[in-house]
Amino acid sequence: MEVKYMSRALALAREGIGYTSPNPLVGAVIVKEGRIIGEGYHQLYGGPHAEINAFENAAEDVYGATMYVTLEPCSHYGKTPPCANAIVEKGIKKVVIAMMDPNPLVAGKGIDILKTNGIEVVTGILEDEAKKTNEIFIKYITTGSPFCLLKTAMTLDGKIAAYTGDSKWITNEKSRGYVHQLRHQYRGIMVGIGTVLADDPMLTTRLDAKEGCDPVRIVVDSRGRIPLNAQVLHVSSQARTVIATTDQIPQEKLIALQQLGAEVILLPSIQGQVSLPDLMKALGERKIDSILLEGGSTLNYTALDAGIVDKVMAFISPKILGGSGAKTPVGGQGKSLVKDAVHLKNISINRFEEDILIEGYVDR
């Protein structure tokens, strides 16, 4: 039964995807005498936590009940009071926790409060599933850098566009719809200047306003080549546009971008290109906890080579374009030896009608 109730708590946690950043996704279920009497999840950054929402939604007195929660209850004062204290005050007799909180401010302290007050604590129920649900939070809270997902779409022969540059559309509508859900889930979306010059994208979430939030638009542009009429600088959105550049950008261009409302981040360069590790640090300081990298082949290679990519999603469409000059998902200099290739682990494969999605994590 513990697995059943924790599965429900995890399903509730995922209801908060896209709205809690940079806080974790958390779900809570209260069970009394074999019945679920209350449940809740963390709905919005700065709002009540899952445990508090579960108490508020309880259909009867929770005294003596068991709470199932996907993440260790917090023990510190942040945007809200400590949940561990609220659990004690409500008279919960047992707390089942999927995973401990990796946040150094918590890190076992919430469990200590519960145990000190005579509450039975069980940990590790569906822990792996809970960690995957909060993979973004875990990376960000332990390193200060965003979790980076490299997403690409290619034909069966590994092309992201025809030799003419035409790329609409490699994948089908169902695959593209899933990508827009990812844009809602991730706090930032990042492309290189080559993509802006070639496609002039808006980098928004094509979902109903009630269903999705736009990510922060990030353009890696070492020399400030972005046109002042580019759509990313004029799109109507609550999310801002960030231009990551170096001291190679002309001062008048920097001022013009700022006047258009863009945030310009000046960063060190590596061989004339924006230092991506320094960019990740700067974005993390701005509470951008996750990046959806939709770069072209050059930025994709640079990101992999710099070691900033955590996860890869590769959509493969059963089309064949051919063309020795047609671009592939990862360009750049490339590796000289097969043994030096970037390896992925924990692979999963899904179908979107005729398209195939291969998903995996970069093996460090």
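Residues numbered from 1 in each chain as written. Predicted model: local features only at pLDDT ≥ 70, side-chain atom pairs only at ≥ 80, totals over all residues. Heavy atoms only, no water.

Draft legend 1. Layout of the UniProt feature "active site" (unreviewed entry) in the chain. The UniProt record annotates "active site" (unreviewed entry) at Glu 51. Residue placement: Glu 51 occurs in helix α2 (residues 50-56). In this structure Glu 51 comes out as buried when scored by relative accessible area, which is 3%. The residues touching Glu 51, leaving out its near neighbours within four places in the chain, are Ala 28, Met 67, Val 69, Leu 71, Pro 73, Cys 83 and Ile 87. (UniProt positions renumbered as here; feature names shortened; annotations may be inferred. Helix = DSSP H or I, 4+ residues; strand = E, 2+ residues; numbered from the N terminus. Buried < 20%, exposed > 50% of the residue type's maximum accessible area, 1.4 Å probe, protein only. Contact = heavy atoms within 4.5 Å.)

Draft legend 2. Local environment of the pairing of strand β7 (residues 188-192). For β7, the buried fraction is high: 5 of the 5 residues fall into the buried class. Taken together, the 5 bridges between β7 and strand β8 (residues 216-220) define a ladder with parallel strand orientation. The residue of β8 that forms the bridge with Met 190 is Ile 218. Sheet analysis places β7 next to strand β13 (residues 290-293), joined by 3 bridges and oriented parallel. Its bridge partner being in β13, Gly 188 is matched across the sheet by Ile 291. (Pairing = 2+ DSSP bridges.)

Draft legend 3. Quick look at the packing of helix α3 (residues 83-90) against helix α4 (residues 109-116). The N-to-C vectors of α3 and α4 enclose an angle of 20°; their axes lie 9 Å apart at closest approach. As the angle between them shows, α3 and α4 are arranged roughly parallel. Where α3 crosses over α4, the two elements pack in a sense that is right-handed. Here Ala 84, Asn 85, Ile 87 and Val 88 of α3 lie close against α4, whose contacting residues are Gly 110, Ile 113 and Leu 114. Taken together, the residues that form the contact of α3 with α4 break down as 5 nonpolar, 2 polar and no charged. (Axes fitted to C-alpha atoms, helices over the stretch in contact; angles between N-to-C directions. Parallel < 35°, antiparallel > 145°, perpendicular 65-115°, else oblique. Left-handed = near helix turned anticlockwise from the far one by under 90°. Nonpolar A, V, L, I, M, F, W, Y, C, P; charged D, E, K, R; others polar.)

Draft legend 4. Representation of the domain arrangement of the chain. Under the domain assignment used here, the chain contains domain 1 (1-135) and domain 2 (144-362). On a C-alpha basis, the centroid separation for the pair domain 1 and domain 2 is 35 Å. Taken together, the contacts link 8 residues of domain 1 with 14 residues of domain 2. Run the count over domain 1 and domain 2 and you get 1 salt bridge. Here Glu 135 makes a salt bridge to Lys 311, at a shortest N to O gap of 2.8 Å. (Domains from an automatic or database assignment. Salt bridge = Lys/Arg side-chain N within 4 Å of Asp/Glu carboxyl O.)

Draft legend 5. Region of the structure containing a nonpolar patch on the surface. A surface patch of nonpolar side chains, about 410 Å² in accessible area, is lined by Val 342, Leu 344, Ile 347, Ile 349 and Ile 356. The dominant element in the nonpolar patch, judged by the number of residues it contributes, is strand β15 (residues 344-352), at 3 residues. Secondary-structure assignment places Ile 349 in strand β15. (Patch = residues over 30% accessible without salt bridge, like charges linked within 9 Å, V, L, I, M, F, W, Y side chains within 5 Å. Areas by Shrake-Rupley, 256 points an atom, 1.4 Å probe, with all protein chains shown as cover.)

Draft legend 6. Summary view of the sheet that holds strand β9 (residues 241-245). Spatially, β10-β9-β8-β7-β13-β6-β14-β16-β15 is the arrangement adopted by the 9 strands of the open sheet, whose pairing is mixed. Every interior strand has two partners, whereas the edge strands, β10 (263-266) and β15, have only one. On average, each strand axis in the sheet is tilted by 20° relative to the strand beside it, whichever way the strands run. Running over the sheet, helix α10 (residues 276-285) touches β7, β8, β9, β10 and β13 and is turned about 160° from β8.

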